[in-house]
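# Coordinate inspection notes
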Amino acid sequence: MKSLKFVVVLVLVSILVTACQPSAAPSQAAVVSGAPDVCTSDAFGCAVFKPGEVVKLGMGAPMTGGNGSYGVDISQGASIAVTDAGDVKGWKFALDAQDDGGTAEGGASVANKFVTDPAIVAIAGHIFTDATRAAMPIYEKAGIPMLSPSNTVADLTTLGSAVFNRIAFSDTNQGNAAGDYLFNTLKVKDLAILHDGSSYGKGLADTVAAQFAKDGGTVVATQAITPGETDFTAVLSAVASKNPGAVYFGGYAAEGSILVNQMKQTGLENAVFFGDDGTYGVDFLTHVGANGEGAFATIAPASPDSAAKTAFNAAYLAQFGKEAGSLSPYTWAGYDSAAILANAVKAVAVVGSDGNLYVPRAALMAAVRATKDYVGLSGTFTCQSNGECNAGLPQFVVVQNGAWVAVQ
Amino acid sequence: MNTSLRKSIRPGATIGIVHIFFVLIGFNMLVAILFARVSGVKQPDAIPAPVYLMAYSITMGIWAGVAAAQKRKQEFRQVAFAGCVAGGFAGIMAGLLEFGLAIILVKNINVRDVLTVLSANFIKGTLFGMQPAMGVMVTVMLFALGGTLGGALVAFWNSTPFQAFLNRGIRFTKDSVQKAQGVTHGKNRLLWQIASISLLALAVVFLPLNWGSYWNYVLGTVGLYVVLGLGLNIAVGLSGQLVLGFIAFFAIGAYSMALLNAPLPYHLMWGFWPALVLGVLLAAVAGLLLGLPLMRLRGDYLAIVTLGFGEIIRILLKSDVLTAYTGGPRGIQNIGGPTIFGRPFVTDVDFMYLIIGAMLLAMFIYSRLQNSRTGRAWLAIREDETVARASGVNTVRYKLLALVIGAAFAGLAGAIFASRNQFTGPEEHSLMASINVLSLIIVGGLGSIPGTIMGAFALKGLPEILREFENYRLLAFGALLVAMMLSKPDGFIPSRRPKFQIPIQPETREAPKEQDHD
Amino acid sequence: MHALSLPTLAVKGARFKKVAHVFDLLRPILGAIVLAFIAYRLYQVLIVQQEYGADTWTRLLISGLIIGGVYALIAIGYTLVYGILFMINFAHGEVMMLGAYAGLFAFQAFNAIQVGGQAQTSFLNAYPVLAILLAFVIGMFISAAIGYFLEKIAYRPLRKAPRLVPLISAIGASIFLQNAAQLLFSPQLREVTNPDILRRGAGWTISINNANVIIPYTGVFTFVLSVLLLIALYIIVRKTRLGRSMRAVALDKKTAALMGVDVDRTISQTFIISGALAGAAGVMWGLHNGMVYFYVGFIPGIKAFTAAVLGGIGNLPGAMLGGLVLGIVESVGPAALGIDFQLKDVLAFVILIIVLTFRPSGLLGEVLAEEKV
């Protein structure tokens, strides 16, 4: 009986709590007088901003826990893009970066939070695959476009989603190119495959292994490491006994740099280390030092040090006290993703006759997907109809004299 | 130094240290931003206006003052003075910190490689945009002012007229409650029950329609954790077995749902209900299989073995070996939802009702079990296994039963969870999730149903409410978890059964009652 | 003894007897199956496939011993606290992480200080032994202080609460410390600057089967230091007055208090020692592995806890043994049984389950009361 009373009180309290929350449904029905025509014809209606309000870009990223550095870094990069984007017809942009822990549960809860906030027009994210998968159907229903800076898992763009776009490579694209390069250009015959057991690392490693075998090479060992650990000498010793000519690693710089260092102690001194877009960056170089000479990684083809990138690096250092790229390899992609979204918003936003700003949602989805030849900090992007915005061939880079150098 | 002064300086120093920590992680700015937001600024800058930072300083001062003035039965002036001393001392520490920061600013030393937040702008903001000397002075003054205010508040709270007023209020409430209770006797009691049940039913029916998809999602998760928590409570709270890897059973339920009801990898598409039933059964069987070899283990040994079991399940699910069967790290998506009478569940509201149903079912089964013969057997085992066995309780059977039923609850929650997200992957079922479930039943109060609900709110709802704290939310969550345990060691709503202690130590090792020399 | 052996009491009720019989039958069968499987796999890998040469086995053993040494040192901290308070100090890994940060910043500072007249070298390389010693002192001091305050703030008020309550408080403290480190020092992965004499990756080279096997200096240093600290601790616990109070408190707090032992102080001192060991482990971790960030304590913490239970929690030599066994199982086990290295944790936990099935209180068990630390 007592418990029943308690539940009654609890329910009443929760009614109060939720009553205080801003009302749910996004302001889609823009039948307000003064709304431009485009809002009535738009499948998802318009987001409405009164003068003085801000147009929000959402981001779901892991800010805490073992992968916290990715979310913190990418959101910091994106926040600079939001500042650089200036304003859209007098309305300012803002970034709303929420912690999703990189998990499906966190991703779905952040996505639900965003779709109930009428000021959110687009999502620069999510960052990790599990969170993205759970979030996609929710944005799909609300008509909010996503542009992920870092999701590479191949099948995300094959699901027929109208909202999901990415500027990261798909695993198929990067993996096939890497497999071919290893076999044809580096003339590697025996390849060892390592990955970090994440959907990113494993997806990439599997593609490389398949392509390499198809080209005629032999995959002599496939092993996975546990991300977050720091001693991989055992698994490297086991791999070394197979005498591979190269080690392909699908994963991130943290583990990649440890692997490069420990390869020198475990009988893999002569094997080439071949990484991916997750192992590229200054962070990798500082951790590997001289051990890193001859290690490969992948980037999107772009002028490596354009003026815009230099300016961004300076702004990042001044604002956050760290070198850009020292927390994760995706700083610049985070910037690009927010910048592209801001551009798309600028392209579709209209000021109504009542002085409010209207952002038609379905038109915005189309505008993001219509991005063409956008020159960003991490590459040049043209979106295809499936949401793949980075379909060009990847560029391979190698460490020479302590710096990344592009190879043909 | 006189003791009264020393007594005030101590809390002052504590708050001073807390303040220094806050500044070094940039928390003072966040508090100032929140103040700005509350007072109506829509989009405050990263460094908000000085007045909000001043408000922060006063708040810290008040905290120091309240801390110093508590437990003092002195006259108004003395208490206010104690608050002033505490606030002032904290202020002096804050001032010293700002002095150091000012040196960093003026000499242009780069400390950001170590302490990232200390940018020039941040330091200027912390000094209220004033000259360093001025800023330090203002800080000390604001802290002292806050301290006095805090002391005065406590003094006012303890003052005779206010207490008298308060007592009158309490007496009035008590009287009316008693009167109301008088009404609830006899026939009216039934009426009251019917009224509250129907109110509850109304709320359950209408609330999910109105609070939007975000709260439906968050509270749905809370509801699933209530089911999960009740399951774990059967093992830990009722039968006294410390199970740490409980999320493994949740994972088994989720993956049964996923494998049987998703297009890939098998395209079985059994539909929701058969998959749900099988998920529950499989989880129960897993509980039995895990329990069989472990019945001799107790306490922390059982804890670590079940933790290991949870990790084994997670690693196997993501491993290369099983990728072809479980989807590997990629997980399984497009998991189908339920259909009732040909009507598919599509919206968040539908799922909320499903979860409420599952919750009610779990609560019903739990309370029936608790008050049954089985429940009493569990109680006996929990209090002392050896004695229970000696009195003829088949401990092995009952312990296994507890594990099996608990696992079935977890399987139920897992299956619904996977179907609601339309996705499940191995990282969903990490150790931290297990720890969350264990924490929620302890925070709420071991063994009690309302306690479990409360705990689920605290563990799964609180981090969502703390989203206002941005990157500081888990920091605040960790601190609150400690604080909750310190203030309510038996949980929010402890079970009315006698308090329990997992009986793994002989009596002689219990802490003596009079050892507190502090 | 609480672990009263079950058969002696199994006289009640026919039904229970039956179940007990089933168990007594099950266990040898289970054991035989496991042993047969292991023997079969070993035969396959070692005789039939001959997958790895002697050089590889040596490498695997070396890395196992090094990892095991670190696990052992962290596990000692768990066991020490458990022996006295019967609580799992879940935040122990985080205490180690903060020690690793202290070591990192100490080395960084030593590297920045320039000494010597003409030939400018950093303090770190001019006086490497002193620098390493100082770094350890700093790391151990910081961790010990954190351990002390942790006990005082988060555990002491809960001394009389049910046993699970301090565990949850410890979990909260662990979350707090982890996020505090992330917010203070940013989530960046940092690189420890080693002195040249202990350069990471360098080591003695021995030749086996024409392959060079490197025994890294840092690894040997780690292992030797672990063993030395363990011996020192053992002496403290067995021979000193403090050790006697610790054992007394572990045995019976009430009687110990009556005999004039200051229980609170002894518990505080235990936390200080346990923290200092965690700090040493943290600095060592930094020297050997190089990487320090806020999450670095979590996985070793769980592993060390496993090691402590494997060896018999509350038992000092047990923690050492458990750590080494765990380290070796993790690195040699997957190779010996011919399974993926990804499954090394599965293997470790399966072994733990098997060990506990046959010895419900760990490898070295709960020693008799007077032997109890």
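This one's a predicted model, so the numbers in the text were calculated from it and none came from an experiment. (Residues numbered from 1 in each chain as written. Chains lettered and ligands numbered in written order. Predicted model: local features only at pLDDT ≥ 70, side-chain atom pairs only at ≥ 80, totals over all residues. Heavy atoms only, no water.)

### A look at the interface of chain C and chain B
Definition in use: We call two residues contacting when some pair of their heavy atoms lies within 4.5 Å. We count a salt bridge whenever a side-chain nitrogen from Lys or Arg sits within 4 Å of a carboxyl oxygen from Asp or Glu. As used in this structure description, the phrase polar contact means that two N or O atoms lie within 3.5 Å; if the pair is within protein, one of them must be able to donate a hydrogen and the other to accept it, and residues adjacent in sequence are counted only when both atoms belong to side chains. We count a stretch as a helix when DSSP gives it H or I for four or more residues in a row; a strand needs E for two or more, and each element gets its number in order from the N terminus. Residues are grouped as follows: nonpolar covers Ala, Val, Leu, Ile, Met, Phe, Trp, Tyr, Cys and Pro; charged covers Asp, Glu, Lys and Arg; every other residue, Gly included, is treated as polar.
Facing 77 residues of chain C, the contacting portion of chain B comprises 76 residues. Seen at the junction of chain C and chain B, the total is one salt bridge. On the surface where chain C and chain B come into contact, there are six residue pairs in polar contact (both at pLDDT 80 or more). Residue contributions to the side of chain C that touches chain B peak at 15 residues, all from helix α7 (residues 164-185) of chain C. Of the residues contributing to the side of chain C that touches chain B, the split by class is 46 nonpolar, 13 polar and 18 charged.

### Observations regarding the domain arrangement of chain A
Much of the literature gives interface size as the accessible area that the parts lose upon coming together. All names here are of chain A. The following threshold applies: Reported domain spans reflect what an automatic or database domain assignment gives. Computed with a 1.4 Å rolling probe, the buried area is the accessible surface lost when two parts are put together, summed over both parts.
Taken domain by domain, chain A consists of domain 1 (28-169 + 309-381) and domain 2 (171-299). Placing a centre on the C-alpha atoms of domain 1 and another on those of domain 2 gives a separation of 32 Å. On the side of domain 2, 14 residues touch domain 1, which itself brings 13 residues to the contact. Between domain 1 and domain 2, a total of about 1,300 Å² is buried, with carbon and sulfur atoms accounting for 57% of that surface. Three residues, Thr 152, Phe 169 and Pro 329, lead the burial of domain 1 against domain 2; their summed loss comes to 41% of the area buried on that side. Linking domain 1 to domain 2 there are zero salt bridges.

### Some words on the packing of aromatic side chains
Definition in use: Only the six-membered ring of Trp is used, alongside the rings of Phe and Tyr, when aromatic pairs are assigned; centres must lie within 6.5 Å, and planes under 30 degrees apart are stacked while those over 60 apart are edge-to-face, with the rest tilted. Each residue's exposure class comes from its accessible area (1.4 Å probe, protein chains only) as a fraction of the maximum for that residue type: buried when under 20%, exposed when over 50%, partly exposed otherwise. A positively charged side chain is recorded as over a ring if its NZ (Lys) or CZ (Arg) lies within 6 Å of the ring centre. The angle to the ring normal must also be within 35 degrees.
Tallied over the entire structure, the rule returns 44 aromatic pairs over all chains. On the basis of an interplanar angle of 50° and a centroid distance of 6.0 Å, the ring pair of Tyr181(A) and Phe274(A) is categorised as tilted. With a gap of 93 residues between them, Tyr181(A) in helix α6 (residues 171-185) and Phe274(A) in strand β9 (residues 272-274) connect regions that are remote in the sequence. The same class applies to Tyr181(A) as to Phe274(A), namely buried. Ring geometry for Tyr101(C) and Phe185(C): centres 4.6 Å apart, planes at 35°, overall tilted. Taken together, the positions of Tyr101(C) in helix α4 (residues 92-112) and Phe185(C) in helix α7 put the pair 84 residues apart, joining distant regions of the chain. Comparing Tyr101(C) with Phe185(C), the two get one shared label, buried. Looking at Lys189(A), its charged tip hangs above the ring of Phe183(A), at a distance of 4.9 Å from the centre. Directly above the ring of Tyr398(B) sits Arg397(B), whose terminal nitrogen or CZ lies 5.3 Å from the centroid.

### Some points on the sheet that holds strand β11 (residues 350-351) of chain A
All names here are of chain A. So the rule is basically this: At least two bridges found by DSSP between two strands is the condition for calling them paired. Inter-axis angles, ranging from 0 to 180 degrees, are taken between N-to-C directions of lines fitted to C-alpha atoms, where helices are fitted over the stretch in contact.
On the basis of which strands lie adjacent, the open sheet formed by three strands has the order β1-β12-β11 and antiparallel pairing. Whereas interior strands pair on both sides, the edge strands pair on one side only; in this sheet they are β1 (46-49) and β11. Across two bridges, β11 lies against strand β12 (residues 357-360) in antiparallel orientation. Within β12, the position partnered with Val 350 by the bridge is Tyr 358. The strands that helix α13 (residues 361-369) touches are β1 and β12; relative to β12, the one it contacts most, it runs at about 60°.

### Some remarks on the interface of chain B and chain A
On the side of chain A, 53 residues touch chain B, which itself brings 45 residues to the contact. Both sides together, the interface formed by chain B and chain A hides about 4,500 Å², and carbon and sulfur atoms give 62% of it. Area buried by chain B at its contact with chain A is led by Arg112(B), Arg330(B) and Arg467(B), which between them contribute 14% of it. Counting across the interface, chain B meets chain A through four salt bridges. Of the charged contacts in the structure, one is a salt bridge between Lys322(A) and Asp113(B), with a shortest N-O distance of 3.5 Å. Where chain B touches chain A, the interface holds 16 residue pairs in polar contact (both at pLDDT 80 or more). Elements supplying a minimum of two residues to the side of chain B that touches chain A: α8 (186-210), α9 (212-238), α17 (395-421), α19 (449-465) and α20 (473-487) of chain B. In terms of residue count, α8(B) provides more of the side of chain B that touches chain A than any other element does, nine residues in total. Of the residues contributing to the side of chain B that touches chain A, the split by class is 21 nonpolar, twelve polar and twelve charged.

### Re the packing of helix α10 (residues 247-260) of chain B against helix α12 (residues 299-318) of chain B
For any two helices packed against each other, one specifies the crossing angle of their axes together with the interaxial distance. Residues and elements named next belong to chain B. Contact pair α10 / α12: the axes reach a minimum separation of 8 Å and the direction vectors enclose 35°. In this structure, α10 contributes Ala 248, Phe 249, Ala 251, Ile 252 and Tyr 255 to the contact, and α12 contributes Phe 309, Gly 310, Ile 313 and Leu 317. Among the residues forming the contact of α10 with α12, the class breakdown is eight nonpolar, one polar and no charged.

### Re the state of the cysteines
Residue and element names in this part refer to chain A. Where we set the bar: Cysteine sulfur atoms are paired as a disulfide whenever they come within 2.5 Å of each other.
Under the defined criterion, the tally for this structure stands at two disulfides over all chains. Sulfur-sulfur distance for the disulfide between Cys 39 and Cys 46 comes to 1.9 Å. Sign of the S-S torsion, about -95° for the bond between Cys 39 and Cys 46, identifies this disulfide as left-handed. When its relative accessible area of 0% is taken as the criterion, Cys 46 is described as buried. Cys 383 shares a disulfide with Cys 389; S-S distance 2.0 Å. Between Cys 383 and Cys 389, the disulfide has an S-S torsion of 100° and is therefore right-handed. The pair Cys 383 / Cys 389 is uniform in exposure class, with both members buried. Listing the disulfide partners of chain A by sequence rank of the bonded cysteines yields 1-2, 3-4.

### Quick word on the sheet that holds strand β3 (residues 87-88) of chain A
Residue and element names in this part refer to chain A. Taken together, the four strands give an open sheet; going across it, the order is β3-β4-β2-β5, and neighbouring strands pair in mixed fashion. Of all strands in the sheet, those with a lone pairing partner are β3 and β5 (120-123), marking the two edges. Summarising the sheet, strand β2 (residues 54-61) and β5 pair through three bridges and their orientation is parallel. Along β5, the bridge assignment pairs Leu 57 with Ala 122.

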